[in-house]
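Each chain, written out:
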Amino acid sequence: MNEEIFDSYLKGTMSRDERTKFEEKLKTDQTLHKEFKRYIYLVDSLKKAARKDNNEFGHAFKKITKEQLQSITQPHRDGTNDEKYPKRKPISIKSISTYTLSIAATFILCFWGFSSHYNKLQNDNDLYSSNFNALSGDYLDTESRGGEMPNEKDSVTLEQAKQFYVDNDYEKALHKLDGLKNKRPVMQATCLLKLNRTDEAIKLLVEEYKNSQDGEAGWYLALAYIKKHDKASAIRMLKDVENMGIGISDKAKKLRIELEEK
């Protein structure tokens, strides 16, 4: 079973050759990759739950009195102390089976809950990844979108930012953009999204869309909401872009329908 393979990989009990083959297969087999991510998420969640239970047990154990501890560890004694330490009933196979089934049922419910939550997050991530594309060259070459033309210094800085952007060096591109007098908020926001700074990107795009009603800003804002797992806000924004009747509207409609069906 794949769970045994995953466990062996995580524990480091695989041979070097097995580990290499497994990692290569993860890169090419998307189904295996998603299953492995789900397994890691589940194991991590169960470990957190176990740590919480252990902590609660430790706190409760500190409050046990000496007499209570004796009644647990020495439930029956001969002689005059029988009334103080009454004989406890033996645990039946039936009670053990019931307890075991309860644990199994709880585990299944937890797994179902984790799996459902993970699948929802994964669906959002897949939608975001399949629809996010870096800004086109035409968009980058539009030096001014309703603002004043940059001075000579800013022109050089902007060209450097564009080159870093094209080279996928979003950290350096963002640094250059921050130094411009006439900001490029959509370009900045896509850099932030690439750097997983989603909240900053959303704040920037909300302000830009409010000021300009720019379709590109609306599109990337919808994608940022999807990345943030805010379905309602993403759908609302996609509807706005869809109703603009511009080139990106058809793409916005398609994504909105996909999102509503999830």
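This text goes with the structure placed above it.
Predicted model, so just to flag it, every value in this text is computed and none were measured.

Engineer: Could you clarify how one ought to interpret the packing of helix α12 (residues 231–242) against helix α13 (residues 249–261) in this entry?
Structural biologist: When two helices pack together, their arrangement is given by the angle between the helix axes and by the axis-to-axis distance. It is the contact of α12 with α13, at a shortest axis distance of 8 Å, that shows an interaxial angle of 150°. Classified by the angle between their axes, α12 and α13 sit roughly antiparallel to one another. For the element pair α12 and α13, the recorded crossing hand is left-handed. Contacts from Lys-231, Ala-234, Ile-235, Leu-238, Lys-239, Val-241 and Glu-242 of α12 reach α13 at Ser-249, Ala-252, Lys-253, Leu-255, Arg-256, Leu-259 and Glu-260. Its residues assigned to classes, the contact of α12 with α13 shows seven nonpolar, one polar and six charged.

Engineer: Honestly, the pattern of salt bridges in this entry has me stumped. Any pointers?
Structural biologist: One side chain can pair with another of opposite charge once the charged atoms of both are near each other. Taken as a whole and judged by the stated rule, the model has eleven salt bridges. Of the charged contacts in the structure, one is a salt bridge between Glu-23 and Arg-19, with a shortest N-O distance of 3.5 Å. Linking Glu-23 with Arg-19, this pair stays in helix α2 (residues 16–28), spanning four residues, or about one helical turn. For Lys-162, the salt bridge identified is with Glu-159, shortest N-O distance 3.3 Å. Placement of both Lys-162 and Glu-159 in helix α7 (residues 152–166) is noted, with a separation of three residues, approximately one turn of the helix. The buried category is assigned to Lys-162, whose relative accessible area is 7%. Counted as one network, the salt bridges with shared partners bring together Glu-171, Arg-197 and Glu-200.

Engineer: Is there a simple way to explain unusual backbone geometry in this structure?
Structural biologist: Working note: non-glycine residues mostly have negative phi, and peptide bonds are mostly trans. If you check the backbone angles, Asn-168 has positive phi at about 65° while not being a glycine. If you trace the backbone, Asn-168 turns up in the loop between α7 and α8 (170–178). Unlike most non-glycine residues, Asn-196 shows phi in positive territory, near 60°. As for its placement among the helices and strands, Asn-196 is situated in the loop between α9 (185–194) and α10 (198–212).

Engineer: I keep staring at α7 and nothing clicks. Help me out?
Structural biologist: Working note: α-helix, 3.6 residues per turn, so residues spaced by three or four point in the same direction. The end-to-end C-alpha distance of α7 is 21 Å, a good match for the 21 Å that 15 residues give at a rise of 1.5 Å each. Looking only at α7, the buried set comprises Asp-154, Thr-157, Leu-158, Ala-161, Lys-162 and Tyr-165. Viewed along the axis of α7, the buried residues span an arc of 145°, placing them on a single side of the element. Along α7, the residues that are exposed and aim more than 90 degrees away from the buried face are Glu-152, Lys-153 and Val-166. Just downstream of α7, Asn-168 is the residue with a positive phi angle, here 65°.

Engineer: Help me understand the nonpolar core, please; the structure alone is not making it clear to me.
Structural biologist: A general tendency of soluble globular proteins is for nonpolar side chains to be buried together. Formed by 42 residues in total, the largest nonpolar core has its most connected members in Leu-135, Tyr-165, Trp-219, Tyr-220, Leu-223 and Ile-226. Here this core gets nine residues from one element, more than from any other, and that element is helix α11 (residues 215–227). In this structure Leu-223 touches Tyr-128, Asn-131, Phe-132 and Leu-255, once residues within four positions along its chain are discounted.

Engineer: Could you clarify how one ought to interpret the side chain of Thr-198 in this entry?
Structural biologist: Relative to the helices and strands, Thr-198 resides in helix α10. Those residues within four positions of Thr-198 in sequence are excluded, and the remaining contacts are Leu-193, Ala-224, Lys-227 and Lys-228.

Calculation notes
Residues numbered from 1 in each chain as written. Predicted model: local features only at pLDDT ≥ 70, side-chain atom pairs only at ≥ 80, totals over all residues. Heavy atoms only, no water. Axes fitted to C-alpha atoms, helices over the stretch in contact; angles between N-to-C directions. Helix = DSSP H or I, 4+ residues; strand = E, 2+ residues; numbered from the N terminus. Parallel < 35°, antiparallel > 145°, perpendicular 65-115°, else oblique. Left-handed = near helix turned anticlockwise from the far one by under 90°. Contact = heavy atoms within 4.5 Å. Nonpolar A, V, L, I, M, F, W, Y, C, P; charged D, E, K, R; others polar. Salt bridge = Lys/Arg side-chain N within 4 Å of Asp/Glu carboxyl O. Buried < 20%, exposed > 50% of the residue type's maximum accessible area, 1.4 Å probe, protein only. Expected span 1.5 Å × (residues − 1). Arc of directions from axis to C-beta. Core = buried A, V, L, I, M, F, W, Y, C linked by side-chain atoms within 4.5 Å.

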